[in-house]
Amino acid sequence: MPTVIHKTRDELEAQREELLARVNMSYETLAERAAMYSLSMEELDVWHTIEGLDYLLKGDC
């Protein structure tokens, strides 16, 4: 049986901010570096997680 994690919008937004703080970058800087393929493995993991969070947040309108 698959595991389902339930989080509120506030929790997702807080997680997003914590991830950006972990790599010490703004969203814009992280996105720019991702587009130029100049992220470390940790930064790339953060980028992919933020993309997923943004998808979830967008669908929560």
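Residues numbered from 1 in each chain as written. Predicted model: local features only at pLDDT ≥ 70, side-chain atom pairs only at ≥ 80, totals over all residues. Heavy atoms only, no water.

Peer 1: What is the right way to look at the environment of Ile-50 in this model?
Peer 2: One can find Ile-50 in helix 3 (residues 41-58). Judged by relative accessible area, which is 0%, Ile-50 ranks as buried. Those residues in contact with Ile-50 that lie beyond four places of it in its chain are Arg-16, Leu-19, Leu-20, Tyr-27 and Leu-30. (Helix = DSSP H or I, 4+ residues; strand = E, 2+ residues; numbered from the N terminus. Buried < 20%, exposed > 50% of the residue type's maximum accessible area, 1.4 Å probe, protein only. Contact = heavy atoms within 4.5 Å.)

Peer 1: What is the right way to read the nonpolar core from this model?
Peer 2: Across soluble globular proteins, you tend to see nonpolar side chains buried next to one another. Core analysis: the largest hydrophobic core is formed by 13 residues, its most contacted members being Leu-30, Leu-39, Val-46 and Ile-50. Only helix 1 (9-23), helix 2 (27-35) and helix 3 provide two or more residues apiece to this core. Here this core gets five residues from one element, more than from any other, and that element is helix 3. Among all residues touching Leu-39, those that are not within four sequence positions of it are Met-25, Leu-30, Arg-33, Ala-34, Leu-44 and Trp-47. (Core = buried A, V, L, I, M, F, W, Y, C linked by side-chain atoms within 4.5 Å.)

Peer 1: Explain the side chain of Arg-16 to me, please; I cannot follow it from the model alone.
Peer 2: By secondary structure assignment, the location of Arg-16 is in helix 1. In this structure the side chain of Arg-16 is engaged in a polar contact, spanning 2.6 Å, whose partner is the side chain of Asp-54. Setting aside residues no more than four positions away along its own chain, Arg-16 makes contact with Tyr-27, Ile-50, Leu-53, Asp-54 and Leu-57. (Polar contact = N/O pair within 3.5 Å; in protein donor to acceptor, adjacent residues only side chain to side chain.)

Peer 1: I would appreciate a short explanation of the packing of aromatic side chains in the present structure.
Peer 2: Two measures describe an aromatic ring pair: the distance that separates the ring centres and the angle between the ring planes. Counting across every chain of the model gives one aromatic pair. Centroid distance Tyr-27 to Trp-47: 5.7 Å. Interplanar angle 35 degrees. Geometry classified as tilted. Taken together, the positions of Tyr-27 in helix 2 and Trp-47 in helix 3 put the pair 20 residues apart, joining distant regions of the chain. By relative accessible area, which is 11% here, Trp-47 ends up buried. (Phe/Tyr/Trp six-rings, centres within 6.5 Å; stacked < 30°, edge-to-face > 60°.)

Just geometry here; none of it tells us what the structure is for.
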